[in-house]
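So the chains spell out like this:
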Amino acid sequence: MKILTLFLLGGTAYGIIELLWRSYTHWSMLLTGGLCFLLMYSVYTKHTDMNIFKRFLCGSMIITAVEFPLGLILNSCLKLHIWDYSNLHFNLFGQVSLLYSFLWGLLAVPVSYLCITIDKLILKHEKDI
């Protein structure tokens, strides 16, 4: 139940961010966001003493590492055209770009603190039960 809840939280947040940023999203972003959040939750709750730069770097790397293969599958193979960064400098096959990796890193910092807070609440709830 915990994993499903975290997955849905991350997927929903990812979709909302996309809606706010570019006014539309795609159902596959629920999967992408859910997977990214589960991975970030796993890292950030195991390494709570990370400095802000490591939080930035880990989040950026996790999201970029998830978006790249999913982009190749969804956009290149299945031709769904969900996103395309090919017009940006420093992109890789139009699926990831240095600019968006940086922006995801910025977002990952507050998300890292959210993960730790959620984990503490879960642990407190489990202790109370």
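Remember, it's a predicted structure, so these values are computed and weren't measured experimentally.

A.B. asks: Can you break down the overall build of the protein residue by residue, with the values?
C.D. replies: A count of helices and strands for the protein gives four helices and two strands. The linear arrangement of helices and strands in the protein, starting from the amino end, is α-α-α-β-β-α. Whereas a compact globule of 129 residues would reach a radius of gyration of roughly 14 Å, the protein reaches 15 Å, a difference of no more than 12%. Seen through its C-alpha atoms, the protein measures out along the principal axes to roughly 50 × 30 × 25 Å. Across the 129 residues that make up the protein, the buried fraction comes to 40%. Within the protein, contacts between residues separated by at least 24 positions form 57% of all contacts whose residues are at least 6 apart in sequence. Accessible area of the protein: about 8000 Å², with a carbon and sulfur share of 74%.

A.B. asks: Requested: an account of the side chain of Asp-119, with residues and values cited.
C.D. replies: Mapped onto the fold, Asp-119 is located in helix α4 (residues 98-128). Despite its burial, Asp-119 pairs with no opposite charge, the nearest such side chain being Lys-2 at 4.1 Å. In this structure the side chain of Asp-119 is engaged in a polar contact, spanning 2.6 Å, whose partner is the side chain of Tyr-41. Residue contacts for Asp-119: discarding those within four places in its chain leaves Lys-2, Tyr-41 and Thr-45.

A.B. asks: Give a description of the packing of aromatic side chains that names residues and reports values.
C.D. replies: Here the structure, examined in full by the defined rule, presents six aromatic pairs. An aromatic cluster is present here, built from Trp-21, Tyr-85 and Tyr-100 joined pairwise through their rings. Across from the ring centre of Tyr-113, 4.2 Å away, lies the NZ or CZ of Arg-55, which sits over that ring.

A.B. asks: Give a detailed account of unusual backbone geometry, specifying residues and quantitative values.
C.D. replies: Trans is the prevailing form of peptide bonds, just as negative phi is the prevailing case for residues other than glycine. Notably, Ser-23 is not glycine yet its phi reads approximately 70 degrees, a positive angle. Locating Ser-23 in the fold gives a position in the loop between α1 (2-22) and α2 (28-46). The exposure class of Ser-23 is exposed, given its relative accessible area of 62%. At Lys-79, a position not held by glycine, the phi torsion is positive, near 55 degrees. Positionally, Lys-79 belongs in the loop between α3 (52-77) and β1 (91-92).

Analysis parameters
Residues numbered from 1 in each chain as written. Predicted model: local features only at pLDDT ≥ 70, side-chain atom pairs only at ≥ 80, totals over all residues. Heavy atoms only, no water. Helix = DSSP H or I, 4+ residues; strand = E, 2+ residues; numbered from the N terminus. Rg over C-alpha atoms; globule rule 2.2 N^0.38 Å. Buried < 20%, exposed > 50% of the residue type's maximum accessible area, 1.4 Å probe, protein only. Contact = heavy atoms within 4.5 Å. Areas by Shrake-Rupley, 256 points an atom, 1.4 Å probe, with all protein chains shown as cover. Lys, Arg positive; Asp, Glu negative; His and termini not counted. Salt bridge = Lys/Arg side-chain N within 4 Å of Asp/Glu carboxyl O. Polar contact = N/O pair within 3.5 Å; in protein donor to acceptor, adjacent residues only side chain to side chain. Phe/Tyr/Trp six-rings, centres within 6.5 Å; stacked < 30°, edge-to-face > 60°. Lys NZ or Arg CZ within 6 Å of the ring centre and 35° of its normal.

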